[in-house]
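An overview of the molecular structure
This is what each chain is made of:
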Amino acid sequence: MTPPHRMIVLIGLMGAGKTSIGRKLAERLDMPFIDADEEIVKAAGCSIPDIFEIYGEPAFRDVEERVIDRLLQGESKVLATGGGAFMNPRVRDAIKTRGLSVWLKADLDVLVRRTARRTGRPLLNQGDPETILGSLMTERYPVYAGADLVIETGNESVNETLESLVAALGTEPLDAEGTAGS
Ligand code: S3P
């Protein structure tokens, strides 16, 4: 299958499934998959919790911006971004210009359940994860709503969400470069 878009960029809150869906989407479209958080860890030479603890969140956001900017250049790929990336207006503009943004939208209970399975998310260690995710939803969902595509993810399997996403991508118009129009 020919990749329909140059860059497909997954956005959404922690626990929305950006990495697992992104990996499967990339396989399906025969495109490389890159997880921006993993690239940040490589670039910084330490884990995300350590970056937050030692250098602080603003330093993390700087590295995040530079890494995503780099990843948006070059070969076509599926790119999963950390939940805060699309909140940065420069990152948002770069994504809008060079890729097709897909918001994986999930309800609070789904996010709470999925994030409970994994540690390593410093923002969720600052209090009650459900309260924190709830306020991040209030702050971020209006901004995420500017994504090119919105895919609702709930209790269905990763494969079912993948099928909805593939179907939605199939209806996106392309411009001359093979990039989806806005
Ligand atoms: C963050 C989300 C994390 C990671 C960092 C900050 C956020 O990525 O980038 O912990 O601000 O929402 P995931 O959304 O992949 O968990």
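Each remark here, short or long, concerns the structure printed above.
Source: prediction; values computed, not measured.

Let's talk about the site of the ligand
Taken together, 13 residues form the shell around the ligand, and within it Lys18, Asp37, Arg61, Arg121 and Arg140 come nearest. Contact between the ligand and Arg121: an oxygen atom at 2.7 Å from a side-chain N or O atom of the residue. A distance of 2.6 Å separates an oxygen atom of the ligand from a polar side-chain atom of Arg140. For the ligand, whose free accessible area comes to 390 Å², the fraction covered by protein is 96%. Given that more than half its atoms are within 2 Å of the pocket grid, the ligand belongs to the largest pocket. Per-class residue counts for the shell around the ligand are 5 nonpolar, 3 polar and 5 charged.

Section: the pairing of strand E3 (residues 77-80)
Of the two faces of E3, the one carrying Lys77 and Leu79 and the one carrying Val78 and Ala80 are both buried. Pairing geometry for strand E1 (residues 7-11) and E3, over 4 bridges, is parallel. What sits directly across from Ile8, in E3, is Val78. Of the strand pairs in this sheet, strand E2 (residues 33-35) and E3 are connected by 3 bridges, and their pairing is parallel. Bridge pairing links Ile34 to Leu79 in E3.

Describing helix H1 (residues 18-29)
Here H1 spans 16 Å end to end across 12 residues, near enough to the 16 Å set by a 1.5 Å rise per residue. For H1, the complete set of buried residues consists of Lys18, Ile21, Gly22, Leu25, Ala26 and Leu29. For H1, the angular spread of the buried residues around the axis is 135 degrees, confining them to a single face. Buried residues along H1 sit against E1, E2, E3, strand E4 (100-106) and helix H8 (158-170).

Parameters and conventions
- Residues numbered from 1 in each chain as written.
- Predicted model: local features only at pLDDT ≥ 70, side-chain atom pairs only at ≥ 80, totals over all residues.
- Heavy atoms only, no water.
- Near = heavy atom within 4 Å.
- Polar contact = N/O pair within 3.5 Å; in protein donor to acceptor, adjacent residues only side chain to side chain.
- Areas by Shrake-Rupley, 256 points an atom, 1.4 Å probe, with all protein chains shown as cover.
- 1 Å grid on protein atoms, 1.4 Å probe; cavity = no way out; pocket = protein on both sides within 12 Å on 5 of 7 lines; lining within 4 Å.
- Sits in = over half its atoms within 2 Å of the grid points.
- Nonpolar A, V, L, I, M, F, W, Y, C, P; charged D, E, K, R; others polar.
- Buried < 20%, exposed > 50% of the residue type's maximum accessible area, 1.4 Å probe, protein only.
- Helix = DSSP H or I, 4+ residues; strand = E, 2+ residues; numbered from the N terminus.
- Pairing = 2+ DSSP bridges.
- Expected span 1.5 Å × (residues − 1).
- Arc of directions from axis to C-beta.
- Contact = heavy atoms within 4.5 Å.

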